[in-house]
Amino acid sequence: MVGMGGALFTRTPATLVLKDISVAADESLETYTPFVPPSVPDPDLILLEVKVSSLEIPNADVLLHADCNEQEVMCEISSYTPYGSQESSDAAYFMVSLSVEEVGFSTSLILQTLGVQTDQSTLVQNKLGLPLSQSGTLLTEVIFLVFTHIKSVSAHLRGDVLLNCGFKQQEVPLTQEVGIEWRLQHRGKGRKVLEMTTRLDDAEGSAVVHTERTGSNVDSALVVSEGNASMTLTKLKVSDEGTYICTVSVGLINAQQVIHLHVIQPPHVSLSEETLVLNAKSPTTLSCHCAKYHPLDVQMEWLSLSPTDTEPSPFPHQGALSSHRQHGDGTYSLSSHLSVSPDVSPGTKIICKVTHSALEAPLSLSVVVESPQPASYWWFLGFLIVTVLFFYQCIRQVR
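Residues numbered from 1 in each chain as written. Predicted model: local features only at pLDDT ≥ 70, side-chain atom pairs only at ≥ 80, totals over all residues. Heavy atoms only, no water.

Naming follows an unreviewed UniProt entry, where the chain appears as Tapasin-related protein of Xyrichtys novacula.

Structure (structure tokens):
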């Protein structure tokens with residue numbers, strides 16, 4: 001789709017054709033159906049033909065396999081104006097956003113139109129007013145791109161994480177300044193995390209870094225040598241969770257990538273009893289506690305496994321849940337209280353099963369029901385205690 005600039009934003013079908021994509025050595029492009037332009041050029045169609053050989057798109061070969069792997073390719077094209085540039089008819093610019101969610105492929109391309117020899121027979125694209133090639137395409141090339149290999153990442157509370165972001169640009173003067181900015185957006189609020197400026201010639205002392213979040217870092221040497229703008233965050237807090245925007249600027253052009261960070265912490269699960277001796281006359285309460293977890297959603301289930309069963313089954317009456325308790329570090333706690341009736345068979349295993357996104361697999365704790373003590377035993381024990389106390393009082397009075 002193409003978003004046109006101006007007060008009114010319209011969306012129009014468009015076709016993006018990437019030429020000369022690099023593929024693995026063991027692959028042959030002969031197995032892929034080539035793009036065939038219309039036999040009669042149509043000035044109403046928007047066909048962007050992009051030369052990518054001069055600036056390789058990382059992992060672009062996943063686009064070749066997406067259709068066969070039933071993966072959806074998201075593509076959005078919009079007109080683009082370099083920051084501070086003057087209106088000129090010599091070249092036009094476009095921004096292309098490409099992503100394949102299933103494999104974490106995402107890149108933003110800045111395209112610049114290539115010169116076309118025009119004459120009286122040259123067609124002009126009706127919406128864009130740009131000259132078309134003889135095959136009816138808009139000839140362009142990639143001059144800048146920003147990409148990420150990981151669109152969404154989960155990391156443990158109080159741990160460290162690397163948010164992936166990289167860029168590539170055509171040949172520019174080595175004195176050209178590069179700007180890196182990382183921002184965090186969460187629940188309608190945004191704030192700057194880190195800002196860096198440096199030069200491509202990596203002149204001594206050229207890097208200037210300003211951090212708003214302690215423990216955030218971008219390696220300026222990697223920015224210059226590899227185009228690596230990835231940011232490290234240490235000692236993660238729940239407040240670090242959200243959508244991070246990596247913006248890279250080189251000269252008058254810039255592009256960005258969005259990375260989602262999820263802060264997770266598995267629950268600590270415990271039972272209120274190590275052994276469960278049932279009361280012969282009234283139900284016994286067994287509690288399962290989930291402590292200090294994040295995010296909020298957690299599932300607690302009670303199961304039972306009798307001595308004659310081979311597989312556990314849901315307990316007839318699931319426990320009563322407490323309200324969530326939020327701690328100062330942003331984590332949560334929750335308890336489930338189960339009323340166990342006296343008629344549960346001795347030897348039955350009662351299981352508390354907890355499911356949470358921070359757990360690789362559900363966590364289960366269990367306790368075995370033991371036979372209740374005979375009532376006569378408790379009567380005899382009480383009688384013995386009373387008798388001992390009586391004789392003790394008598395002895396004190398005699399003295």
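So, about unusual backbone geometry. Generally, phi is negative for residues other than glycine and the peptide bonds are trans, each holding for most cases. In this structure, P295 follows H294 across a cis peptide bond, with omega equal to 5°. Its place among the elements puts P295 in the loop between β21 (284-293) and β22 (299-305). You will see that E70, though not glycine, has its phi angle at about 55°, which is positive. In this structure E70 comes out as exposed when scored by relative accessible area, which is 74%. (Helix = DSSP H or I, 4+ residues; strand = E, 2+ residues; numbered from the N terminus. Buried < 20%, exposed > 50% of the residue type's maximum accessible area, 1.4 Å probe, protein only.)

Turning next to the sheet that holds strand β13 (residues 189-199). One open sheet accounts for six strands, arranged β9-β18-β17-β12-β13-β14; its pairing is mixed. Strands with a single pairing partner mark the edges of an open sheet, and in this sheet they are β9 (152-156) and β14 (208-211). Averaged over all neighbouring strand pairs, the angle between strand axes comes to 20°, with direction disregarded. Two strands pair when backbone bridges link them, and β13 and β14 are joined in this way by four bridges, in the antiparallel orientation. Along β14, the bridge assignment pairs T197 with V208. (Pairing = 2+ DSSP bridges. Axes fitted to C-alpha atoms, helices over the stretch in contact; angles between N-to-C directions.)

A few words on the pattern of salt bridges. All told, the structure shown has seven salt bridges when counted by the stated rule. Among the ionic pairs, K19 bridges to E49, the shortest N-O distance being 3.1 Å. Placement of K19 in strand β3 (residues 15-19) and of E49 in strand β4 (residues 47-51) is noted, with a sequence separation of 30 residues between them. For K19, a relative accessible area of 38% translates into the label partly exposed. Each of R158, K292 and D329 takes part in salt bridges that share partners, so that together they form one network. (Salt bridge = Lys/Arg side-chain N within 4 Å of Asp/Glu carboxyl O.)

One pass over the structure, following the stated rule, counts two aromatic pairs. Ring centres of F144 and F167 lie 6.5 Å apart, and the angle between their planes is 45°; this geometry places the pair in the tilted category. In this pair, F144 is assigned in strand β8 (residues 138-148) and F167 in strand β11 (residues 166-169), connecting sequence segments 23 residues apart. Comparing F144 with F167 shows no difference in burial state: the two are buried. Look at Y293 and Y332: their rings are 6.4 Å apart centre to centre, the planes differ by 40°, and that puts the pair in the tilted class. Linking Y293 in strand β21 with Y332 in strand β26 (residues 332-340), this pair joins segments that are 39 residues apart in sequence. In this structure Y293 comes out as buried when scored by relative accessible area, which is 0%. Given a relative accessible area of 15%, Y332 falls into the buried group. (Phe/Tyr/Trp six-rings, centres within 6.5 Å; stacked < 30°, edge-to-face > 60°.)

Looking now at the nonpolar core. Of all hydrophobic cores here, the largest spans 37 residues; its most connected members are F144, L163, F167, W182, V248 and L261. Mapped by element, the contributors of at least two residues to this core are β8, β9, β10 (161-163), β12 (177-186), β13, β16 (231-233), β17 (242-250) and β18 (253-264). Ranked by residues supplied to this core, first place goes to β18 with five residues. Leave out the neighbours within four places in its chain, and L163 touches V153, W182, S230, M231, L233, Y244, I259 and L261. (Core = buried A, V, L, I, M, F, W, Y, C linked by side-chain atoms within 4.5 Å. Contact = heavy atoms within 4.5 Å.)

Time to look at the state of the cysteines. Under the defined criterion, the tally for this structure stands at two disulfides. Note that C165 is cross-linked by a disulfide to C246, the S-S spacing being 2.1 Å. Between C165 and C246, the S-S dihedral sits near -80°, and the bridge is therefore left-handed. On the criterion of sequence distance, the pair formed by C165 in the loop between β10 and β11 and C246 in strand β17 is long-range, its members being 81 residues apart. With respect to class, C165 is no different from C246; both count as buried. For C288, the disulfide goes to C352, at an S-S distance of 2.1 Å. An S-S torsion of about -80° defines the bridge between C288 and C352 as left-handed. Of this pair, C288 sits in strand β21 while C352 sits in strand β27 (residues 349-355), and the two are 64 residues apart along the sequence. (Disulfide = S-S within 2.5 Å.)

Take the environment of E301 next. Looking at the element boundaries, E301 is found in strand β22. Along the primary structure E301 and S364 are separated by 63 residues, whereas in three dimensions their C-alpha atoms are 9.3 Å apart. Not counting chain neighbours up to four residues away, the residues in contact with E301 comprise P314, Q318, I351, C352 and K353.

Turning our attention to the sheet that holds strand β20 (residues 276-277). Read from one edge of the open sheet, five strands run β20-β28-β27-β22-β23, paired in mixed fashion. In this open sheet, the two edge strands, each paired with only one partner strand, are β20 and β23 (313-314). Looking at chain direction, β22 and β27 are connected through seven bridges and run antiparallel. Within β27, the position partnered with Q299 by the bridge is T355.

Looking at the secondary structure, you find A14 in the loop between β2 (11-12) and β3. Separated by 61 residues in the primary sequence, A14 and C75 place their C-alpha atoms 9.5 Å from one another.

Within the secondary structure layout, S216 lies in strand β15 (residues 216-217). Residue classification places S216 among the buried residues on the basis of a relative accessible area of 9%.

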